[in-house]
Every structure is written in structure tokens, then in C-alpha cells.
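# Structure at a glance
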Amino acid sequence: MDHGIKTVGIIGAGQMGGGVAHATAAAGFDVLLQDLEPLRVKECIARIEANLERQVAADKLSEEAKAATLQRIRAVETLRDLADCDLVIEAAIEEETVKRKILQQLSSVLKKDAIIATNTSSISITRLAAVTDRPERFIGIHFMNPAPVMRLAELVRGIATEERTFAESKAFVEAMGKSIVTSEDFPAFIVHRVLVAMINEAIYTLYEGVGTVENIDAALRLGANHPMGPLQLADFIGLDTCLSIIQALHDGLADAKYRPCPLLVKYVEAGWLGLKTGRGFYDYRGEAPRPTR
């Protein structure tokens, strides 16, 4: 079907928002990128340009395609600048209070028929939709990280999401060349409910002294044919994000099996959040990553 989406607003210029902006522009959509901190948007566009340049250097992309992708991305300063977007994707930090505030403000400036999507990986779509003026035009579009590379997106309806909203969102994601799975609106949906529970269990395995960081990661890489070990993956995702997701599972499902590992809590409290801060279960500040335990 014709999804009718031409201009896409993206709120949040962090790792996730930047990846979604890159993937959306590469698929031919005009992108307006907004963040509370304008410098973050500038840095994000520079990262996208560097990623595109690497693709050109590897003969995976032409100079013309690189230039066209960059030309489709425009930095904007305020939510009001997103007023004419056909779709706006909220990709801010995974904190419900922050998302709710953004979504409330966004509702008042968007044109009436625009779709609002959230890239949340764990928070109730129904609950977020309820703070907007258009719950029937609200949906979860959860891209995997890194969005330009990963082929999957989870589509999650809230209780009020209309079929038309779902169909248009599905057509938009398919136009990006991605595969889709649909999930019911339960905490962490499908991918992260399974994935982060595995990561939390891997951290318990380390915490209880069953294996070392290197042995646990090697066991899953070689024994289960995973492309990277669960502790390395946790560092890549961000330990703060992992903690927020496992807490959402624990709070939302009231099941003790999702209790966050105390070691994960300790690392987050220390500010050791993984790759983005230079230390997590590995220390990335030297020539090669080294385990921190």
C-alpha cells in the first residue's frame, strides 16, 4: 500500500536516533533530526557521514548515494520544527518520564493526521499513547541496533492503535527494506524480553563465579553460535539500557526470574555503561578490550 509518508521526524540524536536517521534517509525519506542539545545533532550527523564514508571505502556504497543520503538529513532545533512531518519517531533515552514529556509536547505541534511512533524497547505502548492527543495514530516501531545494519523492526500496537496506523507503519518499515515481527504490548516485547533476560542470566553467571567474562562470552559464541558473547553484547547495548529493560520486565511482570543482577546495578552505579563510556564488562581504553573482572 502507499504509506503516504515522505518526511520523517526523529527525536533524539544518540546512538539509536542517529542509526534510525541514517537508515531512514538511506531509504529515500526526508529526515528532520531534533535533540534537546543542538551540538548532539551536529555530532550525530558527523557520525552518520563517517559511517557512510566507511561504506564508500569498502565499495558498498557510491559517492552519489552517500551525498544523497546526507542531503536528506536536516538538523532542526525544536519540536515545533517537526510540525509538517508525516511520521515522527521518538528515540529519546529509555526513561518513561522523559518520553512522556516529549510526547505531550509533540502532540500539540503536529498536524492532525501524522503518526507518532516510539522506538522504546520496553515501555508500554498503550501507556505512552495515552499521554498524546492521538492514541489511535500511535504505534511502537522498535528498530534493532545498529539500525542501518540490522534487518528487523518490531511493530507493537497499543490498545487504541488503528489498523490504518499499523498498515501505514508496516509499509513504511518495509520500504526501508526491513523485515517485521509484530508483538503484543507486553514489557520488552519479543526481542528484548528474550535477549535481556539472557544477558541478565549471563551476568548472574559471572556474579556467582561460574565462569569468567571471557569464558562466558566464548561459551555462547562457540557453543551457541552467537556472533558475540552476552557480556560483550551488553556493553554494546549499554548497561544502563540493559538495566532499564530488565527492571521494566521485573516491574511489569512481577516475576522474580527477571530480578536485575546486583552486579549489573553496581556497574551502572559506577558509570561503567559499556562501550559508550569506555568501560563495562570490558575496558575499551587500551589497544584491545580487556575484561574488568
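Residues numbered from 1 in each chain as written. Predicted model: local features only at pLDDT ≥ 70, side-chain atom pairs only at ≥ 80, totals over all residues. Heavy atoms only, no water.

Within the secondary structure layout, Gly274 lies in the loop between helix H11 (262-270) and strand S9 (282-283). Overall, the relative accessible area of 0% leaves Gly274 in the buried class. A C-alpha to C-alpha distance of 8.4 Å links Gly274 and Gln232, two positions 42 residues apart in sequence. Non-local contacts of Gly274, meaning those with residues more than four positions away in its chain, are made with Asp235, Leu239, Arg279, Gly280 and Tyr284. (Helix = DSSP H or I, 4+ residues; strand = E, 2+ residues; numbered from the N terminus. Buried < 20%, exposed > 50% of the residue type's maximum accessible area, 1.4 Å probe, protein only. Contact = heavy atoms within 4.5 Å.)

The next subject is the packing of helix H7 (residues 191-207) against H11. Relative orientation of the contacting elements H7 and H11 amounts to 95°, with a least axis distance of 8 Å. Considering the angle they form, H7 stands roughly perpendicular to H11. Here Asn200, Ile203, Tyr204, Leu206 and Tyr207 of H7 lie close against H11, whose contacting residues are Pro262, Leu263 and Leu264. (Axes fitted to C-alpha atoms, helices over the stretch in contact; angles between N-to-C directions. Parallel < 35°, antiparallel > 145°, perpendicular 65-115°, else oblique.)

What follows covers the nonpolar core. In terms of nonpolar packing, the biggest core is built from 32 residues, with Val8, Leu87, Ile89, Ile141, Phe143 and Phe172 touching the most fellow members. With five residues, the single largest contributor to this core is helix H1 (residues 15-26). With residues up to four places along the chain from it excluded, the contact list for Leu87 reads Ile5, Thr7, Val8, Gly9, Ile115, Ala117 and Phe172. Core analysis: the next-biggest nonpolar cluster, separate from the first, contains 26 residues, Ala188, Val196, Ile199 and Val213 among them. (Core = buried A, V, L, I, M, F, W, Y, C linked by side-chain atoms within 4.5 Å.)

What follows is about the sheet that holds strand S4 (residues 87-90). With mixed pairing, the eight strands of this open sheet are ordered in space as S3-S2-S1-S4-S5-S6-S7-S8. Of all strands in the sheet, those with a lone pairing partner are strand S3 (73-76) and strand S8 (179-183), marking the two edges. Taken over all neighbouring pairs, the strand axes of this sheet differ in orientation by 25° on average, direction set aside. Here five bridges tie strand S7 (residues 152-157) to S8, and the two strands are oriented parallel to one another. (Pairing = 2+ DSSP bridges.)

All chains considered together, the criterion is met by five aromatic pairs. Judged by centre distance (6.3 Å) and plane angle (70°), the ring pair of Tyr204 and Tyr207 falls under edge-to-face. One end of the pair is Tyr204 and the other is Tyr207, both in helix H7 and three residues apart, which spans about a single turn. Among the residues examined, Tyr204 registers a relative accessible area of 10% and is labelled buried. The interplanar angle of 25° and the centroid separation of 4.7 Å between the aromatic rings of Tyr267 and Phe281 together place this pair among those described as stacked. Taken together, the positions of Tyr267 in helix H11 and Phe281 in the loop between H11 and S9 put the pair 14 residues apart, joining distant regions of the chain. Classification of Tyr267 as buried rests on a relative accessible area of 6%. By relative accessible area, which is 0% here, Phe281 ends up buried. Counting every residue linked through ring pairs, the aromatic cluster contains Tyr267, Trp272 and Phe281. (Phe/Tyr/Trp six-rings, centres within 6.5 Å; stacked < 30°, edge-to-face > 60°.)

Further remarks concern the domain arrangement of the chain. Each assigned domain of the chain is listed here: domain 1 (7-184) and domain 2 (191-291). If you average the C-alpha positions of domain 1 and of domain 2, the two centres end up 26 Å apart. Contact residues are listed per partner, giving ten residues for domain 1 and seven residues for domain 2. Regarding the contact of domain 1 and domain 2, the summed buried area is about 660 Å², with carbon and sulfur atoms giving 58% of it. Linking domain 1 with domain 2 are zero salt bridges. Viewed at the interface, domain 2 and domain 1 are joined by one residue pair in polar contact (both at pLDDT 80 or more). The residue inventory of the side of domain 1 that touches domain 2, partitioned by class, reads three nonpolar, five polar and two charged. (Domains from an automatic or database assignment. Buried area = accessible area lost by both parts, 1.4 Å probe. Salt bridge = Lys/Arg side-chain N within 4 Å of Asp/Glu carboxyl O. Polar contact = N/O pair within 3.5 Å; in protein donor to acceptor, adjacent residues only side chain to side chain. Nonpolar A, V, L, I, M, F, W, Y, C, P; charged D, E, K, R; others polar.)

Each neighbour pair has its own omega, and for Asn145 with Pro146 the value is 0°, a cis peptide bond. The phi dihedral of Ala188 is positive, around 70°, even though this residue is not glycine. Along the chain, Ala188 falls in the loop between S8 and H7. By relative accessible area, which is 0% here, Ala188 ends up buried. Phi at Ala254 is positive, roughly 50°, even though this residue is not glycine. If you trace the backbone, Ala254 turns up in the loop between helix H10 (239-253) and H11.

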